[in-house]
Amino acid sequence: MPDAATSNAAPTDLIELGRISAAYGVKGWVKVQPHSANAEVLLSASQWWLTRPVPELARGVVASAPVAYKVVQARSQGATVVAQLAGIADRDQAEALRGCSVQAPRGSFPAPEEDEYYWVDLIGCALYTSANGEPELLGVVDEVLDNGAHAVLRVSRQRVGAEGPEPILNVKGRHAEMLVPFVRAHIHAVDLAARRIDSDWPADL
């Protein structure tokens, strides 16, 4: 049985930061593939919450509840993070965790530097453009991607209708999307409290 923190319910603000990809070494360490730029949070967290994956074909199977593991040690290993978890003492135990998602409460994240943002905080923000002078709604951020050079916002297109924001559909009748580089050249302001991002990105791209 793992050395879980408690048997209480998991925090309600858990954010998935990566997945355990393999065992590391023979002493029970695990290797984690971080999602995007979440390695810093993985390294700073004193406790991880692990959730076992649900098989894609297992209909009606309820996902297991997250289980807390104390992080004894963690360090960067190339593009991955390797860690020793309390209660995991050998390679077989570590291999049994392969595929588990690694989560931590949003409230435990270190404060970002000025003009830096956690990607998870950008999701759900409304993106506006002032390319034509007056602010115009482009849509809502659905996802943040990494193209290797910088972050990219995947935006679900919206416009302001008679009754408020409404989706813009493409020629196939699906929600239209656009990709917007999250770089200073195009992003003018981010107001997380207002859930708003201002840019100069053209609406017709």
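Structure: above.
It should be emphasised that the depicted structure is a prediction, and the values quoted were computed from it without experimental measurement.

**Some thoughts on the packing of aromatic side chains**
Part 1: Summed over the entire model, instances satisfying the criterion amount to two aromatic pairs.
Part 2: Aromatic pair phenylalanine 109 and tyrosine 118: ring centres 5.0 Å apart, planes at 70°, arrangement edge-to-face.
Part 3: Judged by relative accessible area, which is 8%, phenylalanine 109 ranks as buried.
Part 4: Lying across the ring of tyrosine 128, arginine 196 places its NZ or CZ 3.9 Å from the centre.

**Regarding the pairing of strand 9 (residues 151-161)**
Part 1: The buried fraction of strand 9 is high, at nine of 11 residues.
Part 2: When strand 8 (residues 136-146) meets strand 9, the two strands line up antiparallel, connected through seven bridges. Note on strand 9: the bridge partner recorded for leucine 145 is valine 152.
Part 3: Two successive antiparallel strands, strand 8 and strand 9, enclose a turn made up of four residues, where glycine 148 displays a positive phi of approximately 100°.
Part 4: As paired strands, strand 9 and strand 11 (residues 177-181) are joined by five bridges and run antiparallel to one another. By the bridge assignment for strand 11, valine 155 is matched with methionine 178.
Part 5: With four bridges joining them, strand 9 and strand 10 (residues 164-167) adopt antiparallel strand pairing. Within strand 10, the position partnered with glycine 161 by the bridge is glycine 164.

What counts and how
Residues numbered from 1 in each chain as written. Predicted model: local features only at pLDDT ≥ 70, side-chain atom pairs only at ≥ 80, totals over all residues. Heavy atoms only, no water. Phe/Tyr/Trp six-rings, centres within 6.5 Å; stacked < 30°, edge-to-face > 60°. Buried < 20%, exposed > 50% of the residue type's maximum accessible area, 1.4 Å probe, protein only. Lys NZ or Arg CZ within 6 Å of the ring centre and 35° of its normal. Helix = DSSP H or I, 4+ residues; strand = E, 2+ residues; numbered from the N terminus. Pairing = 2+ DSSP bridges.

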